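# Geometric and topological summary
Below, each chain spelled out in residue letters.
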Amino acid sequence: MRVIDRPEVAERLTYEVCIPIVREAMIAFSKGVTRQHLRSIIPLANGRAFGIMPGAMGEEAPFGAKLISVYPENFAKGRQSHQGLVILFEPTTGEPVCVVHAGEITAIRTAAASAVATDALARRDAHRLAILGYGEQASTHARAIARVREISAIGVWGRSPERAEAFAARMSAELGLPIRAFADAEPLVREADIVCTVTAAREPVLKGAWVQPGTHLNLVGSSVAGPVEVDNDLVARSRFVADSREGVLRQGAEFLKAKEAGLIGDDHIVAEIGQVLAGDVAGRRSETEITVYKSLGHVVQDLATAWALYTGLEAASPTE
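### With respect to the environment of E289
With respect to the helices, strands and loops of the structure, E289 is situated in the loop between α10 (273-277) and β15 (291-294). When the C-alpha atoms of E289 and E24 are compared, they prove to be 26 Å apart, with 265 residues separating the residues in sequence. Not counting residues within four places of it along the chain, the set of residues in contact with E289 comprises G214, T215, R239, G283 and R284.

Below, the structure is given as structure tokens:
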């Protein structure tokens, strides 16, 4: 059985490779080509969790599962918060053929999915990026969003000013872009064209009143029902696109809270991102519309990227 470890994933799964793979996976997801169950999440002590995500890329296609632990405190220890494995099965014989480092795949494909959504939903002239959070997903989102828009400046906010400053210095040197740490999230959001929320917040850190017309937002940090990063006003004001309609209706915390408040109904989810990418539903309809992409993450993204690494298919894609 082949084992693909974290360094190999990081080297080979570039954003130029991952973004088109995720794009095609989400189109297949929304067309009903793929097969998957809703994520099963087992809560553990101290805000930790264990997730099980089975799926198949099609009826006669590779299949497998992701087994993932989430330990939020790992970030402070210099370790990935998501640890686990993606297990791949060959479709002809049903044999398990490959195990891939799930933490690194999750880090890269999550940001790649936000880049796919940003490319589909953000204004073409959007160039100012705001990131709320300074953890691993903040770094991957800065890298990925810069692949789909001509970003001229990035701002970052987080609860620790020191860590936000360190993030800004590190990523500015890496990307060659001006990156500024903000002490307050409001002015950062007010001047942004694209906003990514990648925090571990349990209560809103972003208010809809701060968001300017024409902004696109990727809501990423909360992946279960309960914790919310943004307030009800933003959800209600936005053109709301999900990665999975079923997933958001069951586990999309921000959507569920606004629905519970009576501000929206299920039809507020205008589309899945795969429907927008396929041209079946319009994404952004005007330069002033506020668009939201709610990311929960789905195993078809993991399987598609892992299978490309296993088969070497990514070698045919442009590389960094």
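### Observations concerning the pairing of β15
The two faces of β15 match: T291 and Y293 on one face and V292 and K294 on the other face are all buried. One ladder, built from four bridges, connects strand β12 (residues 216-219) with β15; its direction is parallel. Looking at β15, one finds that N218 is bridged to Y293. Pairing between strand β13 (residues 239-242) and β15: four bridges, direction parallel. Its bridge partner being in β15, A242 is matched across the sheet by K294.

### What to know about the packing of aromatic side chains
Summed over all chains, the structure comprises four aromatic pairs. Ring centres of F63 and F89 lie 5.1 Å apart, and the angle between their planes is 10 degrees; on these two criteria the pair is classed as stacked. Here F89 lies in strand β6 (residues 82-89) and F63 lies in strand β5 (residues 63-70), a separation of 26 residues in the sequence. Lying across the ring of F182, R180 places its NZ or CZ 4.1 Å from the centre.

Cut-offs used in this document
Residues numbered from 1 in each chain as written. Predicted model: local features only at pLDDT ≥ 70, side-chain atom pairs only at ≥ 80, totals over all residues. Heavy atoms only, no water. Helix = DSSP H or I, 4+ residues; strand = E, 2+ residues; numbered from the N terminus. Contact = heavy atoms within 4.5 Å. Buried < 20%, exposed > 50% of the residue type's maximum accessible area, 1.4 Å probe, protein only. Pairing = 2+ DSSP bridges. Phe/Tyr/Trp six-rings, centres within 6.5 Å; stacked < 30°, edge-to-face > 60°. Lys NZ or Arg CZ within 6 Å of the ring centre and 35° of its normal.

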